[in-house]
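Geometric and topological summary
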Amino acid sequence: NAAYFRNRPRPAFFDGLEQRKFNQETADRAVRGDVTVVSRPYAFPGGRIDFLFDATADDPPQNPEWLWQLNRMSFWQDMSSAYLRTGDEKYAAAFDRQLNDWIESTAHAQRGNGAGSAWRTIECGLRLMGSWQVAFEVFRKSPSVSDKSLEKMIFSMIEQAEYTCRNKTGGNWLGMEMCGCCTLASLFPELPVSADLWEKAKTCLEKEIILQKLPDGMQNELSPDYQSVVFHCGANLHKLAECAGLENTLSADFMKSLEGYADSTLALTTPRFTQPRTNDCFTIPAGSILSRAAEIFPDR
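So, how was this worked out
Residues numbered from 1 in each chain as written. Predicted model: local features only at pLDDT ≥ 70, side-chain atom pairs only at ≥ 80, totals over all residues. Heavy atoms only, no water. Helix = DSSP H or I, 4+ residues; strand = E, 2+ residues; numbered from the N terminus. Rg over C-alpha atoms; globule rule 2.2 N^0.38 Å. Buried < 20%, exposed > 50% of the residue type's maximum accessible area, 1.4 Å probe, protein only. Contact = heavy atoms within 4.5 Å. Areas by Shrake-Rupley, 256 points an atom, 1.4 Å probe, with all protein chains shown as cover. Lys, Arg positive; Asp, Glu negative; His and termini not counted. Charge placed at Lys NZ, Arg CZ, Asp CG, Glu CD. Core = buried A, V, L, I, M, F, W, Y, C linked by side-chain atoms within 4.5 Å. Pairing = 2+ DSSP bridges. pLDDT = per-residue confidence, 0-100. Axes fitted to C-alpha atoms, helices over the stretch in contact; angles between N-to-C directions. Parallel < 35°, antiparallel > 145°, perpendicular 65-115°, else oblique. Left-handed = near helix turned anticlockwise from the far one by under 90°. Nonpolar A, V, L, I, M, F, W, Y, C, P; charged D, E, K, R; others polar.

Concerning the overall build of the chain
When helices and strands are counted, the chain shows 12 helices and two strands. Scanning the chain from its N terminus toward the C terminus, one meets helices and strands in the order α-α-β-β-α-α-α-α-α-α-α-α-α-α. For 300 residues, the compact-globule estimate of 2.2 N^0.38 gives 19 Å, and the C-alpha radius of gyration of the chain, at 20 Å, lies within 12% of that figure. Each principal axis of the C-alpha distribution contributes one length, and for the chain these read about 60 × 50 × 40 Å. Burial statistics for the chain: of 300 residues in total, 51% are counted as buried. For the chain, the share of sequence-separated contacts (at least 6 apart) that also reach a separation of at least 24 residues comes to 69%. Total accessible area on the chain stands at roughly 13,700 Å², and carbon and sulfur atoms take up 54% of it. Within the chain, one finds 32 positive and 39 negative side-chain charges whose respective centroids are separated by 1 Å.

Overview of the nonpolar core
In this structure, Leu 70, Phe 75, Trp 76, Met 79, Phe 95, Phe 139 and Phe 188 are the most contacted members of the largest nonpolar core, which totals 78 residues. Per-element accounting of this core gives the leading share, 11 residues, to helix 6 (residues 121-139). When neighbours within four sequence positions are excluded, Phe 95 is seen to be in contact with Trp 76, Met 79, Ala 135, Phe 139, Val 145 and Met 153.

Focus on the pairing of strand 2 (residues 40-43)
When strand 1 (residues 34-37) meets strand 2, the two strands line up antiparallel, connected through four bridges. By the bridge assignment for strand 2, Asp 34 is matched with Ala 43. The turn linking strand 1 back onto strand 2 is made up of two residues, and Val 38 within it adopts a positive phi angle of 40 degrees.

Looking at the confidence of the model for the chain
Confidence in the prediction of the chain, expressed as mean pLDDT, is 91, and 91% of residues score 70 or more. Across residues 278-289, confidence stays below pLDDT 50; counting only partners more than four residues off in sequence or on other chains, it has 19 contacts.

Comments concerning the side chain of Asn 172
Structurally, Asn 172 can be placed in helix 8 (residues 171-187). On the basis of relative accessible area, Asn 172 is assigned to the buried category, the value being 5%. Not counting the four nearest positions on each side in its chain, Asn 172 is found in contact with Gln 212, Gln 219, Glu 221, Tyr 226, Val 229 and Val 230.

Quick notes on the packing of helix 6 against helix 7 (residues 147-166)
Packed helix pairs are specified by the crossing angle of their axes together with the interaxial distance, meaning the distance between the axes. Two elements in contact, helix 6 and helix 7, have axes whose closest approach is 10 Å; the angle formed by their N-to-C orientations is 150 degrees. In terms of orientation, helix 6 lies roughly antiparallel with respect to helix 7. Where helix 6 crosses over helix 7, the handedness of that crossing is left-handed. Two secondary-structure elements touch here, helix 6 through Thr 121, Cys 124, Arg 127, Leu 128, Trp 132, Gln 133 and Phe 136 and helix 7 through Leu 150, Met 153, Ile 154, Ser 156, Met 157, Gln 160, Ala 161, Tyr 163 and Thr 164. Each residue belonging to the contact of helix 6 with helix 7 can be placed in one class, and the counts come to 10 nonpolar, five polar and one charged.

As structure tokens, then:
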């Protein structure tokens with residue numbers, strides 16, 4: 001029940017949460033229902049965010065990414081950090097309102113990966129591996145967030161994870177989809193679905209990390225940005241397993257492939273695009289390749 005989740009110890013995955021960088025202006029604007037998505041600002045009338053609204057619909061060219069990315073709730077990360085720093089309940093109250101508005105408005109709305117859907121699988125994955133987890137961890141103790149809201153959020157995350165597993169795609173999207181499922185399963189081991197969800201999503205993500213790596217260490221979509229996405233998802237899986245004491249369940253081939261992604265990405269930062277381990281001008285011990293690359297890639 002909600003009382004249990006309010007009082008359980010903080011998962012090790014969230015160590016250092018108070019030190020996360022955030023944007024105070026973004027947090028304050030989001031409380032007022034004023035957001036910027038794909039560089040397009042919009043202030044929702046009355047301050048209530050409509051998660052099925054597209055601010056570009058009447059201003060051609062329409063960009064369906066606006067609605068899709070609105071549903072990533074990236075501003076919840078800023079609101080969470082602002083609450084940790086200030087203790088101001090306005091952030092928690094806004095979160096509670098926005099959470100319930102999202103659940104109620106999207107419960108029977110269009111699903112799938114088409115335009116207008118708040119349930120595109122990439123967004124489900126990103127919510128589960130990022131904004132929703134941080135928000136739950138930060139706001140679970142707030143008196144402005146009701147027990148019912150916390151319970152509804154947990155049920156919604158389960159629904160999103162099961163939906164995503166049933167409708168998984170491929171490429172870098174699959175990395176985010178499965179990483180989201182792994183994140184939920186790892187951070188909520190008490191849930192009846194978690195053990196099976198972890199095994200299925202972890203196995204799928206490990207397999208894809210291995211299969212998508214080319215011989216030179218680059219990801220097969222041939223985009224440094226997409227490679228950073230896939231690497232981040234793999235590194236996140238490694239951190240989740242480490243924090244949960246499950247590191248020994250990760251395969252050696254997965255770890256070797258993950259290090260290959262990191263190695264090749266660091267090579268791109270050198271003048272001659274040479275391998276960091278063999279370039280005399282840029283030598284990094286093999287054991288620190290993963291940690292150094294993780295510092296370079298921002299959280300998504």
